[in-house]
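A look at the structure
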Amino acid sequence: MEQLTQNLKDGHMQLLEVPFPALGKGQIMVRNYYSVISAGTEGKTVKDARLGYIGKAKSRQEEVKKVIAAAKTHGVMKTYNMVMNKLETPNPMGYSCAGEVIEVADDIKHINVGDFVACAGMTANHAEVVVVPKNLCVKINHPKHIKSAAFTTVGAIAMQGVRQAELSLGESCVVIGLGLIGQLTLQLLTAAGVKVIGLDIDDQQVALALKTGVKYAYNSSKEGLESIIEQETNGFGADAVIITAGTTSLEPINFAGAIARKKAKVVIVGAVPTGFDRKNFYIKELDVRMSSSYGPGRYDDDYEQKGTDYPIGYVRWTENRNMQAFIELVEAGKINLEALISHQFTFENAKDAYQLIVDRTEHFCGIVLEYNSKKELKRNIQLHAKKYNPSEINIGFIGAGSFAQNFLLPNLSGQKLVNVATARATTAKNIANKFGFDNCTGNADEIIKNESINTVFIATPHHLHAPYVIKALQTNKNVFVEKPLCLTKEELEEIREAESKSTGQLMVGFNRRFAPQIIALKKELNNNLPKAINYRINAGKLPANHWTQDPEIGGGRIIGEACHFIDLCSFIASSPISKVEANALKDANNLNDTVSISLAFENGSVASISYFSNGSKQLNKEYLEVFCGEQTIVIDDFKTMDIFGKGKKSSKNSSQDKGHAKEVSLFLEALKTGKSLPISFEECYQSTKATFEVLKQI
């Protein structure tokens, strides 16, 4: 299938042949018939992508700060490569479409294959096939309305703005900004029995509003406009003002304050500044409200990604119910979308549509892309047809986010790379092209069942590690899995059983063991003597809604990251863990991400791990001290190492090296030579088990 993508480096846009996206729990796969271009949001994205580096830096100053911080940690060249990797990645476009359901997850009961649906969200892209979560998908009762239904996302945005205004039958509302969302807002208000007045700086948008049946629409620069609005509102002023414009000017918000009645509501839907003049807002006690996209549930992963609905008795209008209501209005003939469709392009000519928006060579409003629904589509993509020697290492890669792209995949250069699977179709194709995979897919099971593949790398979100590890071991494949190995003790025991029955081998990506300073430390210290280890990690704060903090997806930061430090202490001690104690700092969200961990080892060694998330960003992340036999070794953030004995020896790296390259190299070398893996499964098992014990102690 094909998908419209844009390169953020230079704005290059193309129809990219990609595999079908992955279908997961609570999701629906849809073959698109139509999708709608949001001229405002998407137009800005295209323009920003076409800016030079200086222009990009000016428009994204916070990102520039992150790049500078990364350069201090990883070095200039590594950071440059990371930035280029992001800029050169093809990015999907679009967030509003409609089509026919071609597959559903096992837990989807209310929508069936063959149904027609409207889709919203960041995966409702301009693509021949999309996969969307169930709460961002609504059924279309009459297929004849499918083109109009493609506007459902935009319609839900307009509807949420109307709901925020809380208007009653017979009240008045001024809509400032008559682009597509503004035009739909006018029609929704009219259908609700509200007296509407539309304003825009463009005479053509004003004319379009009048054409669709709006009685009052004016150019914003019209002389005496305040008096006209005062007259049309019986001298009181507007009961509400909804701003759907997109501008850097304060004119819309200040004009709203001038024309609103006392105690009125001013609802901000569009991207406008809010640094309004105080006078009118103070004297009239105006109620300024933001309208968040499609409605309640937006930006809430529990609602959007996990499908957890809000009870209707408490939240009447969620984003899904807003979408349903818009579809019902379209099917009832209350919304006239045909009048708003200024252009329709075939999907093959999608680039022309964006050029029209950028160049503004003619008036536009609703822009629709039409797909060939009869075209034969390929579910998976083969880039090179090859046969594979089973005696060689033939690699499949599952999950390829930014970590894998920057720290794992570059270390597989020259290997036999058979297939890569990622949930996002564009990522799969980009990774295949960039790193030399022969195939790409959205379905990880294609890698598991591929008999040519004998080695699997797993770098998915944490909750998927255990299922794929078990499946791969059951098919006797060698497995390299990023930490954590799993999220629960039950999964750990299932993995142990699968590993014991498999001819494949398993290793977890505990990379710090292979950092140059750690290798030097092990050589320096007497392995027969017990060691006292003090390890401080300035982990930094992550918001409570970050995916790693989600116990179902990321497992929390102890499982997700602190396992690294437990394993490294065990490696340095050269002994199994015999006792675990832990205490956590109390926090409002019960995240347990500021923790003091105490480990005892069978050989008498001890370790104290201070995993703290409440420190300053200015402090280096990791500081390790090891005391043994009248020697002390201090490693600061894997950049410097000081060895104190009879004298002092110091070494310094120009950039961090936490052992990722060495780890992958030794793993592959062991498979080729038939040697034991550099980290045994028993060590991986014990480090993971100790991590669960930390949580138990907390």
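Before reading further, recall that the structure is shown in the block above.
Residues numbered from 1 in each chain as written. Predicted model: local features only at pLDDT ≥ 70, side-chain atom pairs only at ≥ 80, totals over all residues. Heavy atoms only, no water.

**So, the pairing of strand β7 (residues 129-133)**
Where a strand is regular, its side chains alternate between the two sheet faces. Most of β7 sits inside the fold, with 5 of its 5 residues counted as buried. Of the two faces of β7, the one lined by Val 129, Val 131 and Pro 133 and the one lined by Val 130 and Val 132 are each fully buried. The sheet contact formed by strand β3 (residues 27-37) and β7 spans 5 bridges and is antiparallel. Each bridged residue has a counterpart across the sheet, and for Val 30 the counterpart in β7 is Val 130. (Buried < 20%, exposed > 50% of the residue type's maximum accessible area, 1.4 Å probe, protein only. Helix = DSSP H or I, 4+ residues; strand = E, 2+ residues; numbered from the N terminus. Pairing = 2+ DSSP bridges.)

**A look at the sheet that holds strand β4 (residues 90-92)**
Sheet strands pair by backbone hydrogen bonding; their relative direction is either parallel or antiparallel. One open sheet accounts for 3 strands, arranged β2-β1-β4; its pairing is antiparallel. The sheet is open, and its two edges are formed by β2 (13-17) and β4, each paired on a single side. Averaged over all neighbouring strand pairs, the angle between strand axes comes to 50°, with direction disregarded. In this structure, strand β1 (residues 2-7) lies alongside β4, joined through 3 bridges in antiparallel fashion. (Axes fitted to C-alpha atoms, helices over the stretch in contact; angles between N-to-C directions.)

**Here we look at the packing of helix α18 (residues 465-474) against helix α19 (residues 489-501)**
Packing of α18 against α19 leaves a shortest axis separation of 9 Å and a crossing angle of 15°. Taken together, the axes of α18 and α19 are roughly parallel relative to one another. Once α18 is placed against α19, the crossing between them reads as left-handed. Contacts between α18 and α19 involve Ala 466, Val 469, Ile 470 and Leu 473 on the former and, on the latter, Glu 491, Glu 494, Ile 495, Ala 498 and Glu 499. Classifying every residue of the contact of α18 with α19 by side-chain character gives 6 nonpolar, no polar and 3 charged. (Parallel < 35°, antiparallel > 145°, perpendicular 65-115°, else oblique. Left-handed = near helix turned anticlockwise from the far one by under 90°. Contact = heavy atoms within 4.5 Å. Nonpolar A, V, L, I, M, F, W, Y, C, P; charged D, E, K, R; others polar.)

**What to know about the pattern of salt bridges**
Applying the stated criterion across every chain, the model contains 28 salt bridges. One salt bridge in this structure joins Glu 622 and Arg 512, with 2.6 Å as the shortest N-O distance. A residue pair is termed long-range when its members are at least 10 positions apart, and Glu 622 in strand β28 (residues 622-628) and Arg 512 in the loop between β23 (506-508) and α20 (516-524) qualify at 110 residues. Per residue, the accessibility class of Glu 622 equals that of Arg 512, and both read buried. The network of salt bridges with shared partners includes Glu 166, Lys 265, Asp 287 and Arg 289. (Salt bridge = Lys/Arg side-chain N within 4 Å of Asp/Glu carboxyl O.)

**Brief notes about α20**
Three or more residues of α20 are buried, namely Gln 517, Ile 518 and Leu 521. Buried residues of α20, seen end-on, are gathered within an arc of 95° and therefore sit on one face of the element. On its buried side, α20 packs onto α21 (557-573), β28, β29 (631-636) and β30 (640-644). (Arc of directions from axis to C-beta.)

**Some points on the side chain of Thr 185**
Checked against the element boundaries, Thr 185 lands in helix α7 (residues 180-191). On the basis of relative accessibility, which here comes to 1%, the residue Thr 185 falls in the buried class. Apart from the residues within four sequence positions on either side, Thr 185 is in contact with Ala 158, Val 162, Val 175, Ile 242 and Thr 244.

**Details of unusual backbone geometry**
In this structure, Pro 484 follows Lys 483 across a cis peptide bond, with omega equal to -5°. You can see Pro 484 is positioned in the loop between β22 (478-481) and α19. Phi is positive for Ser 293, close to 50°, though the residue is something other than glycine. Unusually for a residue other than glycine, Tyr 299 sits at a positive phi of about 65°. Structurally, Tyr 299 is set in the loop between β14 (287-290) and α12 (301-304). Judged by relative accessible area, Tyr 299 falls into the exposed class, the value being 57%.

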